[in-house]
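A structural walkthrough
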Amino acid sequence: MALDTTVPLNSLGFAKPPSETRVVVAMSGGVDSSVVAALLADQGYDVVGVTLQLYDHGAALAKKGACCAGIDIHDARRVAEERGFPHYVLDYENIFKDAVIDEFADSYLAGATPVPCIRCNERVKFKDLLETAKDLEADCMATGHYIQRKDGPNGPELHCAEDANRDQSYFLFSTTPEQLDFLRFPLGHLPSKAATRELAAQYGLSVADKPDSQDICFVPNGDYASVIEKLRPGAGEPGEIVHADGRVLGTHNGVIHYTIGQRRGLGIGGLTEPLYVVKLDVDNCRVVVGPKEMLATRTVPVREINWLGDEPLASREEWHVSVKVRSTRPPREAILRPRPDGTAEVELLNAEEGVSPGQACVFYETGGSRIFGGGWIWRGY
């Protein structure tokens, strides 16, 4: 069926009036997704708000800094009532536990440093929730993420947010081309978070001054170890803290209490040189420490790759890109070399410290804003 070119495209890219365009807004109860919902409702779209209950919100009701808890569900519902559009709460506790929480615990027990927020986007929000949006006969689904979707010559492209300080591209690298076709990110072009809060105030939203979430939603106060011990009783098995040269320097009460690159809280004072965690030997319950230079690496093996380039990843022997190996670090130039088995090796032009299995390696256009996807860092050897 040919596109009717006589009807101008609305702001979401559809050739019909906003009132005939249904958009499901994923509402966490925070200011960002609330502004998206209010903005689209104000523009006349047929907005449906959906909030996911991801874990026992009764236990988290009084906890600040988390999303999708009891108070956040209440806040999302209140915004929907204020702006006059329907709102639904879906119980995704079992899906979230199976798809995100269990893997988080198992990855930590295996000595990795997982990023559950990426898995949540990949396996829950942009999978099950997106399918729910389609079941509701929505034309698209909108979120409050700070990232941009742009129409390119070969279809939709993923680009960094206008505000580099708010950019969430690292957490969205696994968005597939099919998902990107259905998703919209109305805040990605804004110059700052202050601009978002100004819109919230303009719409009179009750969440206009609500603090941003800080922690992983199901990890109170950032205490990963206590959560894992509850999920996997006996996980805090004690062992030795060993220098890379073989010297036993002390003992620990569980590998799960340590991460690659950690310096503070090792419990091995009285040394003349600063030491860092350079390896977690899970099989032998050992935490291996060494000097900072041991953390540096130029080779990063990646798997479970999601590729968003215009040509197939395997069509070239190597790609010159920039990569992020942690969300807080700027992209660094690298060479991406695909392998026949679907994995790849990333060669960093300059060594990075603290590259850890379980983190993501995200591919960017060097000198530009486009995201070419990414993969998961693993040991590989």
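Overview of the structure. (Residues numbered from 1 in each chain as written. Predicted model: local features only at pLDDT ≥ 70, side-chain atom pairs only at ≥ 80, totals over all residues. Heavy atoms only, no water.)

Moving on to the overall build of the protein chain. A tally of regular secondary structure across the protein chain gives eight helices and 17 strands. In summary, the protein chain has a C-alpha radius of gyration of 22 Å against a globular reference of 21 Å for 381 residues, a match within 12%. Considered along the principal axes of its C-alpha atoms, the protein chain spans approximately 75 × 50 × 35 Å. Classification of the 381 residues of the protein chain by burial places 50% in the buried group. Counting contacts in the protein chain only where the partners sit at least 6 residues apart, residues at least 24 apart contribute 63% of the total. Within the structure as shown, the protein chain displays about 17,900 Å² of accessible surface, and the carbon and sulfur contribution to it stands at 48%. For the protein chain, the distance from the average position of its 39 positive side-chain charges to the average position of its 54 negative side-chain charges is 4 Å. (Helix = DSSP H or I, 4+ residues; strand = E, 2+ residues; numbered from the N terminus. Rg over C-alpha atoms; globule rule 2.2 N^0.38 Å. Buried < 20%, exposed > 50% of the residue type's maximum accessible area, 1.4 Å probe, protein only. Contact = heavy atoms within 4.5 Å. Areas by Shrake-Rupley, 256 points an atom, 1.4 Å probe, with all protein chains shown as cover. Lys, Arg positive; Asp, Glu negative; His and termini not counted. Charge placed at Lys NZ, Arg CZ, Asp CG, Glu CD.)

Turning our attention to the side chain of Thr113. Residue placement: Thr113 occurs in the loop between helix 4 (93-109) and helix 5 (116-135). Among residues more than four places away in sequence, those in contact with Thr113 are Thr259, Ser356, Pro357, Gly358 and Gln359.

The next thing to look at is the environment of Ala225. Turning to its location among the elements, Ala225 is positioned in helix 8 (residues 224-231). Residues Ala225 and Ala105, spaced 120 residues apart in sequence, show a C-alpha to C-alpha distance of 9.2 Å.

For the rest of this paragraph, the subject is the pattern of salt bridges. In the structure shown here, the tally under the stated rule is 31 salt bridges. Between Arg232 and Asp106 there is a salt bridge; the shortest N-O distance is 3.0 Å. Of this pair, Arg232 sits in the loop between helix 8 and strand 8 (239-243) while Asp106 sits in helix 4, placing them 126 residues apart in sequence. Classification of Asp106 as partly exposed rests on a relative accessible area of 40%. When the shortest N-O distance is used, the salt bridge between Arg370 and Asp310 registers 3.0 Å. One end of the pair, Arg370, is in the loop between strand 16 (360-364) and strand 17 (371-377); the other, Asp310, is in the loop between strand 12 (296-307) and strand 13 (319-324), with 60 residues separating them in the sequence. (Salt bridge = Lys/Arg side-chain N within 4 Å of Asp/Glu carboxyl O.)

Helix 8 packs onto helix 4 with a crossing angle of 105° between their chain directions and a minimal axis gap of 10 Å. The orientation of helix 4 with respect to helix 8, classified from their angle, is roughly perpendicular. For the pair formed by helix 4 and helix 8, the contact residues are Ile101, Phe104, Ala105, Tyr108 and Leu109 on the first element and Tyr224, Ile228 and Leu231 on the second. The residue inventory of the contact of helix 4 with helix 8, partitioned by class, reads eight nonpolar, no polar and no charged. (Axes fitted to C-alpha atoms, helices over the stretch in contact; angles between N-to-C directions. Parallel < 35°, antiparallel > 145°, perpendicular 65-115°, else oblique. Nonpolar A, V, L, I, M, F, W, Y, C, P; charged D, E, K, R; others polar.)

Spatially, five strands are ordered 3-2-1-4-7 in an open sheet, and the strand pairing comes out parallel. Each edge of the sheet is formed by a strand with only one pairing partner; in this case those strands are strand 3 (87-91) and strand 7 (183-184). Across two bridges, the pairing between strand 4 (residues 140-142) and strand 7 is parallel. When the sheet's bridge partners are listed, Ala142 is paired in strand 7 with Arg184. (Pairing = 2+ DSSP bridges.)

Time to look at the pairing of strand 6 (residues 155-160). Sheet topology places strand 5 (residues 147-152) next to strand 6; six bridges connect them, and they run antiparallel. Note on strand 6: the bridge partner recorded for Gly152 is Gly155. Adjacent in sequence and paired antiparallel, strand 5 and strand 6 are bridged by two residues.

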